[in-house]
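These are the residues of each chain, in order.
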Amino acid sequence: MKLILLGAPGAGKGTQAERIAAKLGIPTISTGNILREAIANGTEIGLRAKGFMDQGQLVPDDVIIGIVRERLSQPDCAKGYILDGMPRTIPQAQALEDAGIHFDCVVSMEIDDAVIERRMTGRRVCLACGASYHVEANPPKTADVCDHCGKPLSVRKDDAPETVRSRLAVYHRETEPLKGFYEKLGNLKLVDGNQPIADITAAILRAIGA
Ligand code: ADP
Ligand code: AMP
């Protein structure tokens, strides 16, 4: 199963990717998590990406395409994977197609812009394992500690309201057109992202026939 989760920042892609990946036994590839790890490790890619991310802009396509190509060639991707946060532009989607990588299903998680800001202000993330929590809707068992790896949780710098507004504008301009791209390929499914977390998981599993 090769699956893409599309959606605005804060739509719940990371939250759902974690649940679906556990259910299907395939890895999630989150470009945002890979880039945050690169920044934390001070790598060349991290240094190149940081300015774009802090401002809520997209990291250049060539950087992302290189990272994803490398990651998808690893053995754990052989049985399938979930892409979370990639592709985000038509050239990224085209690069996947050109590499002969075709997706069983592309799920677009539809959510109103008005809901996003509340989700982002309550988001807490684990920089060690990439897990995403919300102080009210999906709290960790112990405040500010990751359930999975026990590391402290952080607030993402780009979840500040003014950066979230830039990221939403970028989403509508650069990423939303991907819905038309995949609709033409015949593998697009829409899921209502305004529901409780467990209901969305069930809707995605139905959409992908799992
Ligand atoms: P994305 O990966 O699309 O940016 P996340 O999965 O990190 O989004 O979710 C953004 C925030 O909203 C997190 O704090 C998460 O816990 C919370 N969240 C995710 N799905 C829901 C939901 N269905 N209802 C309420 N809050 C949610
Ligand atoms: P995310 O964790 O998916 O919200 O991504 C956080 C930030 O990382 C984005 O705002 C971008 O700056 C960058 N990023 C992540 N994935 C991509 C991508 N596929 N293309 C370009 N930039 C990306």
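Bear in mind that the values here come from a model prediction, so they are computed numbers and not experimental data.

## Focus on the state of the cysteines
Then, number 1: Counted under the stated rule, the structure contains zero disulfides.
Then, number 2: The cysteine C105 is free of any disulfide, with C77 supplying the nearest cysteine sulfur at 18 Å.
Then, number 3: By relative accessible area, which is 4% here, C105 ends up buried.
Then, number 4: Among the cysteines around C146, which has no disulfide bond, C129 carries the closest sulfur, lying 3.7 Å off.
Then, number 5: The exposure class of C146 is buried, given its relative accessible area of 3%.

## Quick look at the pattern of salt bridges
Then, number 1: Evaluated as defined, the whole model comprises 12 salt bridges.
Then, number 2: Across the salt bridge formed by K50 and D54, the nearest N and O atoms sit 2.5 Å from each other. With K50 and D54 both in helix α3 (residues 44–54) and four residues apart, the pair spans about one turn of that helix.
Then, number 3: For D54, a relative accessible area of 25% translates into the label partly exposed.
Then, number 4: With a shortest N-O distance of 3.5 Å, K179 and E176 are connected by a salt bridge.
Then, number 5: According to the relative accessible area criterion, K179 is buried, its value standing at 16%.
Then, number 6: One network of salt bridges, with partners in common, ties together R123, R156, D158, D159 and R167.

## Examining the sheet that holds strand β7 (residues 153–154)
The strands making up a sheet are joined through hydrogen bonds of the backbone, oriented either antiparallel or parallel.
Then, number 1: A sheet is described by the order of its strands in space; here three strands give the open sequence β6-β5-β7, paired in antiparallel fashion. The sheet is open, and its two borders are formed by β6 (132–134) and β7, each paired with just one other strand.
Then, number 2: Helix α6 (residues 113–121) contacts β5 (123–126) and β6 of the sheet and is inclined by roughly 50° relative to β5.

## Focus on the site of ligand 1
Then, number 1: Not every one of the 19 residues close to ligand 1 is listed here, only the nearest: T15, R123, S132, Y133 and Q195.
Then, number 2: Contact between ligand 1 and G14: an oxygen atom at 2.8 Å from a main-chain N or O atom of the residue.
Then, number 3: Y133 places a main-chain nitrogen or oxygen 2.7 Å from an oxygen atom of ligand 1.
Then, number 4: Here ligand 1 has 560 Å² of accessible area as a free molecule, and 91% of this is covered by the chains.
Then, number 5: When residues of the shell around ligand 1 are traced back to their parent elements, those giving at least two are α1 (13–24), β6 and α9 (197–207).
Then, number 6: Considering only residue class, the shell around ligand 1 consists of eight nonpolar, eight polar and three charged.

## Some thoughts on the side chain of T89
Then, number 1: One can find T89 in the loop between β3 (81–84) and α5 (90–98).
Then, number 2: T89 gets classed as buried once you look at its relative accessible area, which sits at 4%.
Then, number 3: At a separation of 3.0 Å, a polar atom in the side chain of T89 contacts the side chain of D61.
Then, number 4: Ignoring anything within four residues of it in the chain, the contact list for T89 reads L58, D61, E174 and L178.

## Points about the packing of α1 against α9
Then, number 1: Put simply, α1 and α9 touch, their axes get as near as 10 Å, and they point 55° apart. Here α9 runs oblique to α1, going by the angle between their axes. Crossing angle aside, the handedness with which α1 passes α9 is right-handed. On α9, the residues that touch T15, Q16, R19, I20 and K23 of α1 are I197, A198, I200, T201, I204 and L205.
Then, number 2: In terms of residue class, the contact of α1 with α9 is made up of six nonpolar, three polar and two charged.

Cut-offs applied
- Residues numbered from 1 in each chain as written.
- Chains lettered and ligands numbered in written order.
- Predicted model: local features only at pLDDT ≥ 70, side-chain atom pairs only at ≥ 80, totals over all residues.
- Heavy atoms only, no water.
- Disulfide = S-S within 2.5 Å.
- Buried < 20%, exposed > 50% of the residue type's maximum accessible area, 1.4 Å probe, protein only.
- Salt bridge = Lys/Arg side-chain N within 4 Å of Asp/Glu carboxyl O.
- Helix = DSSP H or I, 4+ residues; strand = E, 2+ residues; numbered from the N terminus.
- Pairing = 2+ DSSP bridges.
- Contact = heavy atoms within 4.5 Å.
- Axes fitted to C-alpha atoms, helices over the stretch in contact; angles between N-to-C directions.
- Near = heavy atom within 4 Å.
- Polar contact = N/O pair within 3.5 Å; in protein donor to acceptor, adjacent residues only side chain to side chain.
- Areas by Shrake-Rupley, 256 points an atom, 1.4 Å probe, with all protein chains shown as cover.
- Nonpolar A, V, L, I, M, F, W, Y, C, P; charged D, E, K, R; others polar.
- Parallel < 35°, antiparallel > 145°, perpendicular 65-115°, else oblique.
- Left-handed = near helix turned anticlockwise from the far one by under 90°.

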